[in-house]
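Structural features, examined
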Amino acid sequence: MLFSLYIKNRFGSKRGLLNAFSCALKTSLGYYRKYELAATAKPSRFVFICSGNICRSPLAEYVAKQLGVDAISFGLHTRGGDKADERAIAFAKTLDIDLNSHVTQNIRHYTPQAGDLLVGMEPNHAKELEQLFGDRVPITLVGLWLSRRQAYIHDPYNTNAHFFSACEAVVKKAVEQLIQRNA
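The following paragraphs examine the structure supplied in this document. (Residues numbered from 1 in each chain as written. Predicted model: local features only at pLDDT ≥ 70, side-chain atom pairs only at ≥ 80, totals over all residues. Heavy atoms only, no water.)

Side note on the overall build of the chain
- Within the chain, the secondary structure is distributed over seven helices and four strands.
- Written out in order from the N terminus, the α and β elements of the chain read α-α-α-β-α-β-α-β-α-β-α.
- For 183 residues, the compact-globule estimate of 2.2 N^0.38 gives 16 Å, and the chain sits close to it at 15 Å.
- Taking the principal axes of the C-alpha coordinates as reference, the chain spans close to 50 × 40 × 30 Å.
- Split into buried and exposed, the 183 residues of the chain put 50% on the buried side.
- Within the chain, contacts between residues separated by at least 24 positions form 73% of all contacts whose residues are at least 6 apart in sequence.
- Here the chain has roughly 9300 Å² of accessible surface; of this, 54% comes from carbon and sulfur atoms.
- Each charge class in the chain can be summarised by its mean position, and for the 23 positive and 16 negative side chains these summaries are 7 Å apart. (Helix = DSSP H or I, 4+ residues; strand = E, 2+ residues; numbered from the N terminus. Rg over C-alpha atoms; globule rule 2.2 N^0.38 Å. Buried < 20%, exposed > 50% of the residue type's maximum accessible area, 1.4 Å probe, protein only. Contact = heavy atoms within 4.5 Å. Areas by Shrake-Rupley, 256 points an atom, 1.4 Å probe, with all protein chains shown as cover. Lys, Arg positive; Asp, Glu negative; His and termini not counted. Charge placed at Lys NZ, Arg CZ, Asp CG, Glu CD.)

So this is what it looks like as structure tokens:
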């Protein structure tokens, strides 16, 4: 029981644990190196992507905007038109960020612009973005910009409050470091 709680608090779920370890191994082997190199062109706009555009990517967008850079966010699997998750809104409020005006957008409404950098939260996002845009728009993974790189940031939507807040804190830190190194 205690081990199960540890997994939920640290990784979100058993699947999150497996994905985290698998991606950590692939990161150490250089599997995601191409996503690090994609961001070296000093983007003019950061386009944050997650699955539903309700937890990770809206926070990333607003953190980037708070840092003074042009940013937008989309979801790969959202219908669009929904508000941000209430827990994301509450977490953002602790950072003096108001996510109440956020409305989800599906990636199909994205129009690439010169200078865009697509920023996914997990390797599956990068793969889907490659299928959609090929090499027309550079792609990176936000967690690769942390001092302790992590290619996979688990979706906190169906997780407990502890993991949700920890995940959003990782997203915030990763965006700050991405912007610091690439803006």
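Text resumes after the structure shown.
Quick word on the pairing of strand β1 (residues 45-50)
- With respect to burial, β1 is a largely interior element, six of its six residues being buried.
- Burial along β1 is two-sided: R45, V47 and I49 and F46, F48 and C50, pointing in opposite directions, are all buried.
- Bridge analysis of β1 against strand β3 (residues 116-120) gives four bridges, and the strand direction is parallel. Among the inter-strand pairings, R45 is bridged to a residue of β3, identified as D116.
- Sheet analysis places β1 next to strand β2 (residues 71-75), joined by five bridges and oriented parallel. Bridge assignment links F48 to a residue of β2, and that residue is S73.
- In this fold, β1 hands off to helix α4 (residues 56-66), which returns the chain to β2; that crossover is right-handed. (Pairing = 2+ DSSP bridges. Right-handed = clockwise from strand over helix to strand, strands pointing away.)

Some points on the pairing of β2
- Of all five residues making up β2, five are buried, and the element is well covered by its neighbours.
- In β2, alternate side chains face the same way, and those of A71, S73 and G75 on one face and I72 and F74 on the other are all buried.

Let's talk about unusual backbone geometry
- At N53, a residue that is not glycine, the phi angle is positive and equals roughly 60°.
- Relative to the helices and strands, N53 resides in the loop between β1 and α4.
- The backbone phi angle of D96 is positive, close to 60°, even though this residue is not glycine.
- Residue classification places D96 among the exposed residues on the basis of a relative accessible area of 70%.

Some details on the state of the cysteines
- Throughout the structure, instances matching the rule amount to zero disulfides.
- Among the cysteines around C23, which has no disulfide bond, C167 carries the closest sulfur, lying 14 Å off.
- Since its relative accessible area comes to 9%, C23 is described here as buried.
- Not part of a disulfide, C50 finds its nearest cysteine sulfur in C55, a span of 6.8 Å.
- Given a relative accessible area of 3%, C50 falls into the buried group. (Disulfide = S-S within 2.5 Å.)

Quick look at the sheet that holds strand β4 (residues 139-141)
- If you trace the four strands from one edge of the open sheet to the other, you get β2-β1-β3-β4, paired in parallel fashion. Looking at strand neighbours, the two that pair on one side only are β2 and β4, the edges of this open sheet. Averaged over all pairs of adjacent strands, the angle between their axes in this sheet comes to 30°, without regard to strand direction.
- Those strands touched by α4 are β1 and β2, and its axis lies near 175° from that of β2.
- On the sheet, helix α6 (residues 123-133) packs against β1, β3 and β4 and is oriented at approximately 175° with respect to β4. (Axes fitted to C-alpha atoms, helices over the stretch in contact; angles between N-to-C directions.)

Some details on the side chain of D116
- Looking at where D116 falls in the secondary structure, it is placed in strand β3.
- With a relative accessible area of 4%, D116 lands in the buried category.
- At 2.8 Å, the side chain of D116 forms a polar contact with the side chain of R45.
- A polar contact of 3.0 Å, which involves the side chain of D116, links it to the backbone nitrogen of Q113.
- If near-sequence neighbours (up to four positions away) are discounted, D116 is found in contact with S44, R45, V47, Y110, T111, V137 and P138. (Polar contact = N/O pair within 3.5 Å; in protein donor to acceptor, adjacent residues only side chain to side chain.)

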